[in-house]
Amino acid sequence: VQLQASGGGLVQAGGSLRLSCAASGRTFSRNTMGWFRQAPGKEREFVAAISSSGGITDYAVSVKGRFTISRDNAKNTLYLQMNSLKPEDTAVYYCVADSAFFSEVTDVPSRYEYWGQGTLVTVSS
């Protein structure tokens, strides 16, 4: 099972990026998925999560209104649209998936058994 995140890069403040996370090895259409991030020298933090159907989402206060999480279960892919990026959004972004079926959306990292390798987002001021 693999979660392959992509779409990171260097962008100026105020710009946009779209991250993708392609899952392989199994389908995650019945699993909650999400994004976490870790900035240099800082603790890992929750960014966003989405239910298996996509009908329920949750966001960190720091990204609410700027980021949008979505998924395409037919493609087994998770997305994170990031707008109005700020230098403090600079971090490695990890996509995650819960192994349990139809679990609640959560910001607790230990609830996610599958973690991707991360993609670096750098926002310049």
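As the structure is a computational prediction, the values presented were derived from the model and not from experiment.

Mapped onto the fold, Asp89 is located in the loop between strand S8 (77–82) and strand S9 (91–97). Taking the C-alpha atoms as reference, Asp89 lies 9.0 Å from Ser62; in sequence the two are 27 residues apart. Discounting chain neighbours no more than four positions away, the residues touching Asp89 are Arg37, Arg66, Phe67, Ser84, Val121 and Val123. Of note is the side chain of Asp89, whose polar atom sits 2.8 Å from the backbone nitrogen of Lys86.

Next up on the list: the packing of aromatic side chains. In this structure the tally under the stated criterion is 6 aromatic pairs. Taking 5.7 Å as the distance between ring centres and 70° as the angle between the ring planes, the aromatic pair formed by Phe36 and Tyr112 counts as edge-to-face. In this pair, Phe36 sits in strand S4 (residues 33–38) while Tyr112 sits in the loop between S9 and strand S10 (114–115), placing the two residues 76 residues apart along the sequence. Each member of the pair, Phe36 as well as Tyr112, carries the same accessibility label: buried. An aromatic cluster is built from Phe36, Phe46, Tyr94, Tyr112 and Trp115, whose rings are joined through pairwise contacts. The positively charged end of Arg18 is found above the aromatic ring belonging to Tyr79, 4.0 Å away from the centroid. Note that Arg26 overlies the ring of Phe28, its terminal NZ or CZ placed 4.5 Å from the centroid.

Analysis parameters
Residues numbered from 1 in each chain as written. Predicted model: local features only at pLDDT ≥ 70, side-chain atom pairs only at ≥ 80, totals over all residues. Heavy atoms only, no water. Helix = DSSP H or I, 4+ residues; strand = E, 2+ residues; numbered from the N terminus. Contact = heavy atoms within 4.5 Å. Polar contact = N/O pair within 3.5 Å; in protein donor to acceptor, adjacent residues only side chain to side chain. Phe/Tyr/Trp six-rings, centres within 6.5 Å; stacked < 30°, edge-to-face > 60°. Buried < 20%, exposed > 50% of the residue type's maximum accessible area, 1.4 Å probe, protein only. Lys NZ or Arg CZ within 6 Å of the ring centre and 35° of its normal.

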